[in-house]
Amino acid sequence: MKNYYLLLLASVSLSACTATESFVDGEPGADGVSVVSSIDNEKCEPKAAVKVRHTGYAERLPGYIEKDLDKLAKNAAFKEGGNTVMMIEKYEEGRGTQSALYHVYMCN
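Described below are features of the structure shown in this document. (Residues numbered from 1 in each chain as written. Predicted model: local features only at pLDDT ≥ 70, side-chain atom pairs only at ≥ 80, totals over all residues. Heavy atoms only, no water.)

**Structural notes on the nonpolar core**
Across soluble globular proteins, nonpolar side chains show a tendency to be buried alongside one another. In this structure, Val50, Val52, Leu69, Val85 and Tyr102 are the most contacted members of the largest nonpolar core, which totals 14 residues. Breaking this core down by element, the ones donating at least two residues are strand 2 (44-55), helix 2 (62-80) and strand 4 (97-107). Here this core takes 6 residues from helix 2, the largest share from any one element. In contact with Leu69, other than residues within four places in its own chain, are Val52, Lys90, Gln98, Ser99, Ala100 and Tyr102. (Core = buried A, V, L, I, M, F, W, Y, C linked by side-chain atoms within 4.5 Å. Buried < 20%, exposed > 50% of the residue type's maximum accessible area, 1.4 Å probe, protein only. Helix = DSSP H or I, 4+ residues; strand = E, 2+ residues; numbered from the N terminus. Contact = heavy atoms within 4.5 Å.)

**What about the packing of aromatic side chains?**
Taken as a whole and assessed by the stated rule, the structure comprises 0 aromatic pairs. Residue placement shows Lys51 over the ring face of Tyr91; its charged tip is 4.7 Å from the ring centre. (Phe/Tyr/Trp six-rings, centres within 6.5 Å; stacked < 30°, edge-to-face > 60°. Lys NZ or Arg CZ within 6 Å of the ring centre and 35° of its normal.)

**Considerations on the environment of Lys71**
For Lys71, the position within the fold is in helix 2. Considering only alpha carbons, one finds Lys71 and Val52, 19 residues apart in sequence, at a separation of 9.4 Å.

If you want it as structure tokens, here you go:
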């Protein structure tokens, strides 16, 4: 019985570690959207500006927060008919809430 509790504790601990990696699911097709830090205006046409927001209650590492915001932006870009996103501004609205403004482009 003692081994059962140790096994249960280990499995819960491992699942908690992987859950902190990403809380956002990618939309089918959104994996083809690129996240960039600069745009070539000659090759890219602006499509939209989208504000994405993620609310959670777990303490998370900044890198995982950025990945979730990027994934939300990629989902929005796919719905807007774009294939590239660039973060314009990042907001910190409160504990557990992160949001950012992205521009969506269609690039050749």
